[in-house]
Amino acid sequence: MKKTIFKNLLKAIGVMCYFMVLNFAYSRMNLARLVEDIKVFAGTFLILGILTLEKAYREDCGTPAITGVELFVLSLHSLSIMHMISLFKYDFQLYLLVSSYIFAIYYVLKAIFHYTKERKEYLKGLSDISEIVKEDKPIKKEAKKTKTKKEGKEND
């Protein structure tokens, strides 16, 4: 339970650090180099997403599949940063700040959801009422025809 929550919080911190690095690079580097670096990051996220989806397919598990989709979304967002800024005339640093907050809020809400789910299952496991009140289906017994005195005499 704590492992999943911790992983989600680490992902939130990692995404926020990624956007902070882009913000820092925007103030220190020329724009052409920054655009190329963003493409490299997006390609890296895309490859990691594909590898994660392959792992999920091999293991037939949904958790890595969700992580793979999250990496795809991050890759697509990274590729669309420059386009969105030029299309809507947003400030680059403000756009990245809002993006980092949105991704962080998503991961924190995901961690809260996992915590609530695991806590509910834990509390349900503590109660032995379900074991006491098992709903065993009654065994169906066929009615046997009993011989009455009259039927017994007729058969003889």
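First things first, this report covers the structure right here in the doc. (Residues numbered from 1 in each chain as written. Predicted model: local features only at pLDDT ≥ 70, side-chain atom pairs only at ≥ 80, totals over all residues. Heavy atoms only, no water.)

The next point concerns helix α3 (residues 62–88). Helix length check: α3 (27 residues) gives 36 Å between terminal C-alpha atoms against 39 Å at 1.5 Å per residue, within 8%. Contacts from the buried residues of α3 go to α1 (2–28), α2 (31–59) and α4 (92–126). The positive-phi residue at the C-terminal boundary of α3 is K89, with phi of around 60 degrees. (Helix = DSSP H or I, 4+ residues; strand = E, 2+ residues; numbered from the N terminus. Expected span 1.5 Å × (residues − 1). Contact = heavy atoms within 4.5 Å.)

A contiguous nonpolar patch, built from L9, L94, L97, V98, Y101, I102, I105, V108, L109 and I112 and spanning about 890 Å² of accessible area, is present on the exposed surface. Residue contributions to the nonpolar patch peak at nine residues, all from α4. Here I112 shows up in helix α4. (Patch = residues over 30% accessible without salt bridge, like charges linked within 9 Å, V, L, I, M, F, W, Y side chains within 5 Å. Areas by Shrake-Rupley, 256 points an atom, 1.4 Å probe, with all protein chains shown as cover. Salt bridge = Lys/Arg side-chain N within 4 Å of Asp/Glu carboxyl O.)

It is worth spelling out the packing of α1 against α2 at this point. Their axes nearest at 10 Å, the elements α1 and α2 cross at an angle of 165 degrees. Here α1 is positioned roughly antiparallel relative to α2, judged by the angle of their axes. Seen from above, α1 lies across α2 with right-handed handedness. Contact with α1, carried on its side by Y18, L22, A25 and Y26, involves L31, L34, I38, F41 and F45 of α2 and no other residues of that element. Taken together, the residues that form the contact of α1 with α2 break down as nine nonpolar, no polar and no charged. (Axes fitted to C-alpha atoms, helices over the stretch in contact; angles between N-to-C directions. Parallel < 35°, antiparallel > 145°, perpendicular 65-115°, else oblique. Left-handed = near helix turned anticlockwise from the far one by under 90°. Nonpolar A, V, L, I, M, F, W, Y, C, P; charged D, E, K, R; others polar.)

Right, let's get into a positive patch on the surface. A cluster of basic side chains, namely K3, K7, K55 and R58, defines a positive patch on the protein surface. Only α1 and α2 provide two or more residues apiece to the positive patch. Structurally, the position occupied by K55 is in helix α2. Its relative accessible area of 41% is what places K55 among the partly exposed residues. (Lys, Arg positive; Asp, Glu negative; His and termini not counted. Charge placed at Lys NZ, Arg CZ, Asp CG, Glu CD. Buried < 20%, exposed > 50% of the residue type's maximum accessible area, 1.4 Å probe, protein only.)

The biggest cluster of nonpolar side chains holds 19 residues, and the ones touching the most others in it are F19, L22, L74, I81 and F92. Every element with two or more residues in this core is listed here: α1, α2, α3 and α4. Setting aside anything within four residues of it in sequence, one finds F92 in contact with L22, N23, Y26, L34, I38, I81, M82 and I85. (Core = buried A, V, L, I, M, F, W, Y, C linked by side-chain atoms within 4.5 Å.)

Its place among the elements puts N23 in helix α1. Taking relative accessible area as the criterion, N23 reaches 18% and is therefore assigned buried. When near neighbours in sequence (up to four residues on either side) are disregarded, N23 contacts F92, Q93, L96 and L97.

Turning next to the pattern of salt bridges. Going through the model one piece at a time under the given rule, you end up with four salt bridges. In this structure, E36 engages K39 in a salt bridge whose closest nitrogen and oxygen atoms are separated by 3.7 Å. Taken as a pair, E36 and K39 lie in helix α2 at a separation of three residues, close to a single helical turn. E70 is the partner of K110 in a salt bridge, and the nearest nitrogen-oxygen pair spans 2.7 Å. Of this pair, K110 sits in helix α4 while E70 sits in helix α3, and the two are 40 residues apart along the sequence.

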